[in-house]
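Structural description and commentary
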Amino acid sequence: MEKFSHITSTIVPIKVENVDTDQIIPARFLKATTRDGFGENLFRDWRFHPDGSKKEDFILNDDQIAGQVLVAGKNFGSGSSREHAAWAIADYGFRVVVSSFFADIFKNNALNNGVLPVQVSQEFLNELFASFEQDHATEVTVNLEQQEIENKATGSKEQFEINTYKKYCLTNGYDDIDYLMSLETEIKAFEETIDYL
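**Thoughts on the nonpolar core**
Counting 49 residues, the largest nonpolar core has Phe43, Phe76, Val98, Leu116 and Val142 as the members making the most contacts within it. Contributions of two or more residues to this core are made by β1 (6-14), β2 (69-72), α3 (84-92), β3 (96-99), α4 (104-112), β4 (116-119), α5 (122-134) and β5 (139-143). When residues of this core are assigned to their parent elements, the largest contribution, five residues, is made by α5. Contacts of Val98, omitting those with residues within four sequence positions, involve Val69, Leu70, Val71, Ala72, Val118, Val120, Leu125, Leu128 and Ile149.

**Some details on the environment of His6**
With respect to the element layout, His6 can be found in strand β1. You can call His6 exposed: its relative accessible area is 53%. Along the sequence, His6 and Lys54 sit 48 residues apart, while their C-alpha atoms lie 33 Å from each other. Setting aside residues up to four positions removed in sequence, His6 forms contacts with Val142 and Asn143. In this structure the side chain of His6 is engaged in a polar contact, spanning 3.4 Å, whose partner is the side chain of Ser5.

**Considerations on the pattern of salt bridges**
Considering all chains together, one arrives at six salt bridges under this definition. Of the charged contacts, one joins Lys152 and Glu150 as a salt bridge, the two residues approaching to 3.9 Å between their closest N and O atoms. Judged by relative accessible area, which is 42%, Lys152 ranks as partly exposed. Classification of Glu150 as buried rests on a relative accessible area of 18%. The closest approach of N and O atoms between Glu184 and Lys188, which form a salt bridge, is 3.2 Å. Remark: Lys188 and Glu184 occur in helix α8 (residues 184-191); sequence separation between them is four residues, near one turn of the helix.

Cut-offs applied
- Each chain has its residues counted from 1, running along the sequence as written.
- In keeping with the model being predicted, local features are shown solely for residues with a pLDDT of at least 70 and side-chain atom pairs are shown and tallied solely at 80 or more, while totals for entire chains, interfaces and linings include all residues.
- Hydrogens and water are ignored here; the side-chain numbers use all heavy atoms of the structure.
- Think of a nonpolar core as a cluster: buried Ala, Val, Leu, Ile, Met, Phe, Trp, Tyr and Cys residues, connected wherever their side-chain atoms sit within 4.5 Å.
- Partly exposed residues are those whose accessible area sits between 20% and 50% of the maximum for their type, while under 20% is buried and over 50% is exposed, using a 1.4 Å probe and protein chains only.
- Going along the chain from the N terminus, every DSSP run of H or I of four or more residues is numbered as a helix, and every run of E of two or more is numbered as a strand.
- Residue contacts are counted whenever heavy atoms from the two residues lie within 4.5 Å of one another.
- Polar contacts here mean pairs of N or O atoms no more than 3.5 Å apart (in protein, one a potential hydrogen donor and the other a potential acceptor; neighbouring residues in sequence count only if both atoms are side-chain atoms).
- Any carboxyl oxygen of Asp or Glu that lies within 4 Å of a side-chain nitrogen of Lys or Arg is treated as forming a salt bridge with it.

Below, the structure is given as structure tokens:
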């Protein structure tokens, strides 16, 4: 995974609450076993008509709006535990998802796939949506080391929580296997101290 320290980016707001994983990536696209290509079907049924043509009023189809930070309504990632939802978000190019509440399984899947879920207060989230309405070029800065997000339009900042282990992995670009491999020397040294019967 790519290392994460901090990011400053414009935002892509989806002001919808209770977005579940089937809306993020519909079940009919879960046939692949690799992580590649899922981004093209992110929010598929919201982005496209049944005939494959784009829905012009959906934000991801607006060429003037882009960024690496997805800002979503409360309770993002509920429903099925499919990891493909995190794959789709990462493959599309989002590094951060901001919401006032995340489903636990989605939150862990995101962290395991290099996407940082930043949980903020409802007030801060509402301010982000309002800032975007005033200026589509609104940016946020997310600092993982300081566990802080800043709305650049207003200067407002808020702290966010993250598991210490997951923070270490994101900072170093590790998934769980990479983390274990980084301990190879220590593991071998420990093995040499064991008296096998």
